[in-house]
Amino acid sequence: MIQLLFILLLVPLGAGGLLLLFSGVSQQRSARWIALGGSLVALALSLQLAADYRALQAEQGVSASDSPIAPRVEYRRTWEIIGDTSTPGAAADAIKLEFHFGLDGISVVMIVLTALLGVVCVLSSWDAITERESEFYAALLILQSGVIGVFCAFDAVLFYVFFEFTLIPLFFLIAIWGGPQRRYAAVKFFLYTLAGSLVTLLGIITLIGYAAKGGLTSPCSLPELAAWYQAHPMDPWLQVGVFAALSVGFLIKVPVFPFHTWLPLAHVEAPTAGSILLAGVLLKLGTYGFLRFCLPMLPDACLTVGLPAAAILSVIGIVYGSLCALIQRDVKKLVAYSSVAHLGFCMLGLFALNVEGMTGGVLQMVNHGLSTGALFLIVGMFYERYHTRMMDDLGGLASRLPLMAAGMVFICMASVGLPGLNGFPGEMLSLAGMFKRNPLYAAAGATGLVLGAWYLLTMLQFVFFGPLKEPAVHHHDHDRHGPIRDISFRELAALLPLAAACLWIGVRPQPLIDVIRPDIEAVAKLYDGRPPVDLKALAVAKVQQRSGQEQ
Amino acid sequence: MSPATEHLVLWLIPGAPLVAALVIALLGKSVLRERSHWPCWLALATSMVCAILLVTKLAPATFESPDESVIGAMATGYSWLKVGGMDVRIDLRADAMSALMLTMVTSVSFLVSVFACGYMHGDKGYPRFFGAVSLFVFSMVMLVLSANYLQLFIFWELVGLCSYLLIGFWFQKPSAAAAAKKAFVVNRIGDMGLILGIFLIWDTFGSMDFANVLFDADNLSLIAQDHPTRMIAICFLLLVGAMGKSAQFPLHVWLPDAMEGPTPVSALIHAATMVTAGVYLVARSTPLFMYAPQAQVFISCIGATTALIAALIALTQTDLKRVLAYSTVSQLGYMFMALGVGAAGAELATAGATAGMFHLVTHGVFKALLFLAAGSVMHSMGDVIDMRRFSGLRKVIPVTHWTFLCGAGALAGVPLLAGFWSKDEILAVLHEAGHHSDKYGNIFTAVYWIATVTALLTAFYTFRAYFMTFWGPERTPPEAGHHPHDAPPAMAWPLRILAIGALTVGAAVAVTHLFAHYFEHTPGFEPVENHVFHVGLMVQSGLIALFGIAVAWFMYVKNPGLPAKVSQGANFLYDLSSRKFFLDEIFTAILVLPLRGLAYLCFMFDTQVIDRIVDGIGALPRLLSAAPRLLQTGYVSSYALMMWVGALACMGYMLGLFHQ
């Protein structure tokens, strides 16, 4: 099974490398076929991986592991040893970096999502990208490999390497194939997230160093690190500090209000495929980071500081993001702001710190990937036809493009959390989990249900319903594209799997939940009956102790 | 019936419409086209037959002994979601209350779908219409058959979706698109309350199943003792949901606009079935509400307010469908009034819920009839529905005329017709509540008098609409063509059948208290000892109805000039009513505009403050480097100068010039 994972990791990378290698030689138009082949193989492999994983899970039963992070499949090989190993006594001080890949339920689910969106991205770029195609698809595929790498890396440093690596292909995707302001958007996105990640790195180093000092021989391994911190918890104040450092990068990545301003810009400027991957999986790296570092290793900080802070910021993000979405005239920007609101739900669930909420949070990660990916896909479709995304220029498209309109209504309903579609179980569980912790946060977050319906249905009302209003299409465009047609077979092939997944998760969420449940329960166990720490009293006690020593 | 057949019957009720919806969705546009009504008809007929089977199956052996053990039917589905402390199953569960409601829902749906075949004939979206109607019936019966609160919520939202799709059926019309959005968003406000209420139930009871929450009386009273305030909070939150779906003041504003949908939809969803889901929810949760008398009194007061305001607005509307829409709001208010009387005593709770549910059923029949008849008027008048543009249609469209008359009589409460019985029961329980309760007696007496006044208004506006449409000089709008035709058979037969229902359904079950006896077998309700008629009240309400009709006749047939004079004489009051108490304007002013303003501010804040700060921090390194950069001029001469100064300084240092 681990071989399967490696093949999966290498296929998009290999296909991307191939494209780059022959970028000058090959016919440009054949690039997309290579990309499609590569992404389809990756999808097939990921599905096989998921099937194998479920079989393994059925065989092993619910994991009895004590560690909050317990991949069922692991591959470990020493990569680099930092420090002196020649003298026997000093070996304990050396820090071992490993190629530590693995799979647990959460990573399997995220990998399948990544592979699925990869195919959708290629299909969405089919006609939209006409310049430097080889490079474009190469960047897309390499990005996909990078993201899969993040999800299966169980070594802290390896995780960070992949985490940062994903910036590079996306930077090029935005900066080369983006809209008019692409340079500004790409630089801002790159520098902002990079700056945040550097602070996160500080946090990761502290985590590793602290454990190494405490005698953990392989402090970079996430499972061992988490297990070690369970046995030797850090001082709560130190936890808060590390939590804050780790959070900076993750909060920017998610993004949580007020660190979100790079996102609408990046989305608006990115090509459709870039937006789909950005919203679908790259934002999830932030929440995934919280799930892998903060929640299992810093329980006191998460409970005492993280919960209220994340809840308040998420609630603000939900309301604020929805309100900002409400007055956008550019549909893509509207969807971008809706991401801020939706990830608010996700964070609200994760920081409920109980099984219900965290399950909801992870489901919301998947759901947002599916439904927002599909929203960007459809926005891209009508942008390709009309070369505008402004609500003022468009109207009544349902008369001209009935199938696309039906798809849009479907996806919007998934996005507003209509029961029967995917958004509902995620949002409902997130809110229910938070309700158990603190009903007020949940009630405030629930206003997002109303606001979400408001802005998305307003968009539907003006863009798809009402009398038909189309912008005048330039003559030369007309020649190239012919008359405006409804969804083509290729577009349907991109949209249908997403819609089917939305429906499947909505009607039958349990199989998906069963895959992730053991891993979530392992983390949630840390918070069962854990009382919040009185940080102030602790500080006072410490100061008194110190002054007592001085006297 | 063997358990296996029972399961089959239960599953067929929602299953058949779901299959029909899928078939129409897949094949409607390409294969079925003008035949798209067939799957829908077949499915709804199946559902109806199964629902009737269910009612007879659930009938207790004798109606005389109320002590007979609780009866119900259950069909297991699947475990939808099981995480931590949350365990949600999709099961089907039926008892007396749901069986009665199902019978009404499925039979009205079937008749409406038959009617729609004629009404929607030739429409471009014909398959889409029947697909959505099938989906609606599926969701609605699943709502009624729910076995837990979360399942109820799931289908509660799905009927909202169908309502959205069908209000916006003619999406090219901007008004329809706007109305659809309004309906969905306003309903979502209610839904937000409902889901929070469900969370609170889950948090308090550790379960969302009706069996654990509602029907386990001992457990319920224990928990209610421990958490009295929680019970009140739960009830108020559930109530918010009910108010949204059942269009209670102030969340009623979406329903009149919903008339933008095709008329069969108005008849089915926005009169007979979906809007009564809130009533069903409250009636279903009666055991919970018994521990929150404040919430119950609030229900009655909200019901009274809604009933009165909607009736006052209905007085001056000139759009026939809007008159009916406001009358629906008003009648839903009646049902709410009845549901609240439990506050006056446990023995009244059952009577109140019975009265409310009975009115729900009769109202479903006669209001569907009225809407369909109005649709038939529209059909023959070339889609004109403004009552000022036609009159004297009684000879032009005779079938429509007499069926409308039956419905109007039932709504107005003409003695012995359907509405008379159910409305009278509501008035009776309110009257009794006013006398029985010490604490809330005055409130219930006031509610009773509001209900009586509303009854008078109802009779008046119903017959105002009737006289304006069917009496007076014969006038038809040009859109109707030269020879307006009456309803074709597919439309006429449902009208006839519903008309017979409107005439008889009340008398058939009310005289013998059949409905009440049956209903009492719903789990969670105390049986009522003795059923009596309040003859005095009946005579009073009968007279009131006839008086209202007489006034309408006097104003609109005898003296057709009078209404204009009255409206001029009471200009302000007339405006208040015809402009719907300015509620839409008020909501826009206090809710929509401020929120949009806030949204604008948020966005400004986003681009002008937050993003500026981010860019500012990004610019910081450049700013900091500004000073050192001045040194890097790029001129060789200045570098040489600096080298020279530096060399001098070094030399000086070495020579000890700086040493003391």
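The shown structure was predicted, so the numbers you read here are calculated from the model rather than taken from an experiment.

Draft legend 1. Up close: the overall build of chain B. From N to C terminus, chain B includes 27 helices and two strands. Its C-alpha atoms put chain B at 125 × 65 × 60 Å along the principal axes. Scored against the burial criterion, the 660 residues of chain B give a buried share of 58%. A separation threshold of at least 6 residues defines the contact pool for chain B, and within that pool the share at least 24 residues apart is 80%. As presented, chain B carries roughly 25,400 Å² of accessible surface, and 69% of it is formed by carbon and sulfur atoms. Computing the positive centroid from 36 side-chain charges and the negative centroid from 38, chain B places the two 14 Å apart.

Draft legend 2. Local environment of the packing of helix α17 (residues 398–412) of chain B against helix α20 (residues 489–510) of chain B. Residue and element names in this part refer to chain B. Running from N to C, α17 and α20 cross one another at 30°; their axes reach a closest spacing of 9 Å. Here α20 runs roughly parallel to α17, going by the angle between their axes. Between α17 and α20 lies a crossing of left-handed hand. Facing α17, whose interface residues are Val-399, Trp-402, Thr-403, Cys-406 and Ala-410, α20 presents Ala-492, Leu-495, Arg-496, Ala-499, Ala-502 and Leu-503. For the contact of α17 with α20, the residue count by class is nine nonpolar, one polar and one charged.

Draft legend 3. Region of interest: the UniProt feature "domain: NADH:quinone oxidoreductase/Mrp antiporter transmembrane" (unreviewed entry) in chain A. UniProt's feature table lists "domain: NADH:quinone oxidoreductase/Mrp antiporter transmembrane" (unreviewed entry) at residues 155–443 of chain A, given in the numbering used throughout. Overall, residues 155–443 of chain A shows 80% helix and 0% strand. The separation of its end C-alpha atoms is 38 Å.

Draft legend 4. Local environment of the UniProt feature "domain: NADH:quinone oxidoreductase/Mrp antiporter transmembrane" (unreviewed entry) in chain B. Sites flagged by UniProt as "domain: NADH:quinone oxidoreductase/Mrp antiporter transmembrane" (unreviewed entry) map to residues 146–434 of chain B. Annotated as 75% helix and 0% strand, the span residues 146–434 of chain B places its first and last C-alpha atoms 34 Å apart.

Draft legend 5. A look at the packing of aromatic side chains. As enumerated under the stated definition, the model contains 54 aromatic pairs over all chains in all. Between Phe189(A) and Trp262(A), the aromatic rings sit 5.6 Å apart at their centres with planes inclined by 40°, giving tilted as the arrangement. Of this pair, Phe189(A) sits in helix α7 (residues 182–213) while Trp262(A) is found in helix α10 (residues 262–269), placing the two residues 73 residues apart along the sequence. No difference in accessibility class separates Phe189(A) from Trp262(A), as the two residues are buried. Three or more aromatic residues joined by ring pairs make a cluster, and in this case those are Phe151(A), Phe159(A), Tyr160(A), Phe163(A), Phe243(A), Phe250(A), Tyr288(A), Phe290(A), Phe293(A) and Phe351(A). A cation sits over an aromatic face here: Arg394(B) above Trp471(B), 4.1 Å from the ring centre. Across the ring face of Trp493(B), the terminal group of Arg496(B) is positioned such that the distance to the ring centre comes to 4.6 Å.

Draft legend 6. View of the interface of chain A and chain B. Listed by partner, the interface residues are 58 residues for chain A and 49 residues for chain B. In this assembly, chain A packs against chain B so that about 4,800 Å² is buried in total across both faces, 73% of it on carbon and sulfur atoms. Note that Asp615(B) and Lys188(A) form a salt bridge whose closest N and O atoms lie 3.2 Å from each other. Broken down by element, the residue count for the side of chain A that touches chain B peaks at twelve residues, all from helix α19 (residues 439–463) of chain A. Of the residues belonging to the side of chain A that touches chain B, the class tally is 40 nonpolar, twelve polar and six charged.

Draft legend 7. Local environment of the nonpolar core. Phe382(A), Tyr149(B) and Leu288(B) are the most contacted members of the largest nonpolar core, which totals 431 residues. Residues in contact with Tyr149(B), not counting those within four places in the same chain, are Ile198(B), Ile201(B), Met208(B), Phe210(B), Val213(B), Leu214(B), Leu238(B), Leu281(B), Ser285(B) and Leu288(B). Ranked by size, the runner-up nonpolar core spans 25 residues in total, among them Ala304(B), Val341(B), Ala344(B) and Ala451(B).

Draft legend 8. Summary view of the side chain of His363(B). Residues and elements named next belong to chain B. Residue position: His-363 is located in helix α16 (residues 346–380). Relative accessible area serves as the criterion here: at 0%, His-363 is assigned to the buried category. The contact partners of His-363, leaving out residues within four places of it in the chain, are Ala-271, Thr-328, Gln-331, Met-335 and Ala-368.

Draft legend 9. Geometry of the packing of helix α2 (residues 31–60) of chain A against helix α4 (residues 133–152) of chain A. All names here are of chain A. Packing of α2 against α4 brings their axes to within 9 Å, and their N-to-C directions diverge by 15°. Taken together, the axes of α2 and α4 are roughly parallel relative to one another. The hand of the α2/α4 crossing is left-handed. Residues Ala-31, Arg-32, Ala-35, Ser-39 and Ala-42 of α2 lie in contact with α4, whose contacting residues are Glu-133, Ser-134, Tyr-137, Leu-141 and Gln-144.

Draft legend 10. The arrangement of the pattern of salt bridges in detail. Residue and element names in this part refer to chain A. Taken as a whole and judged by the stated rule, the model has 30 salt bridges over all chains. For Lys-542, the salt bridge identified is with Asp-235, shortest N-O distance 2.8 Å. Residue Lys-542 is found in helix α23 (residues 535–550), and its partner Asp-235 is found in the loop between α8 (222–231) and α9 (236–253); the two are separated by 307 residues along the sequence. Asp-235 sits in the partly exposed class, given a relative accessible area of 27%. Here Asp-330 and Arg-389 are joined by a salt bridge, their closest N and O atoms 3.2 Å apart. Placement of the pair is Asp-330 in the loop between α13 (299–326) and α14 (331–350) and Arg-389 in the loop between α15 (355–386) and α16 (397–400), with a sequence separation of 59 residues.

Draft legend 11. Highlighting the environment of Phe6(A). Residues and elements named next belong to chain A. Looking at the element boundaries, Phe-6 is found in helix α1 (residues 2–21). In the structure, Phe-6 is positioned 143 residues away from Gly-149 in sequence and 9.5 Å away in space, judged by C-alpha atoms. For Phe-6, the residues in contact, after removing those within four places along its chain, are Tyr-75 and Phe-101.

Draft legend 12. Structural view of the state of the cysteines. Residue and element names in this part refer to chain B. Applying the stated criterion across every chain, the model contains zero disulfides over all chains. With no disulfide of its own, Cys-40 lies closest to Cys-117 among cysteine sulfurs, the gap being 9.9 Å. Residue Cys-162 stays outside any disulfide, its sulfur separated by 12 Å from that of Cys-40, the closest cysteine.

Draft legend 13. Expanded view of the environment of Val365(B). All names here are of chain B. Topologically, Val-365 is positioned in helix α16. Considering only alpha carbons, one finds Val-365 and Cys-50, 315 residues apart in sequence, at a separation of 19 Å. Setting aside its immediate chain neighbours within four residues, Val-365 contacts Leu-498, Gly-501 and Ala-502.

Rules used in this analysis
- Residues numbered from 1 in each chain as written.
- Chains lettered and ligands numbered in written order.
- Predicted model: local features only at pLDDT ≥ 70, side-chain atom pairs only at ≥ 80, totals over all residues.
- Heavy atoms only, no water.
- Helix = DSSP H or I, 4+ residues; strand = E, 2+ residues; numbered from the N terminus.
- Buried < 20%, exposed > 50% of the residue type's maximum accessible area, 1.4 Å probe, protein only.
- Contact = heavy atoms within 4.5 Å.
- Areas by Shrake-Rupley, 256 points an atom, 1.4 Å probe, with all protein chains shown as cover.
- Lys, Arg positive; Asp, Glu negative; His and termini not counted.
- Charge placed at Lys NZ, Arg CZ, Asp CG, Glu CD.
- Axes fitted to C-alpha atoms, helices over the stretch in contact; angles between N-to-C directions.
- Parallel < 35°, antiparallel > 145°, perpendicular 65-115°, else oblique.
- Left-handed = near helix turned anticlockwise from the far one by under 90°.
- Nonpolar A, V, L, I, M, F, W, Y, C, P; charged D, E, K, R; others polar.
- UniProt positions renumbered as here; feature names shortened; annotations may be inferred.
- Phe/Tyr/Trp six-rings, centres within 6.5 Å; stacked < 30°, edge-to-face > 60°.
- Lys NZ or Arg CZ within 6 Å of the ring centre and 35° of its normal.
- Buried area = accessible area lost by both parts, 1.4 Å probe.
- Salt bridge = Lys/Arg side-chain N within 4 Å of Asp/Glu carboxyl O.
- Core = buried A, V, L, I, M, F, W, Y, C linked by side-chain atoms within 4.5 Å.
- Disulfide = S-S within 2.5 Å.

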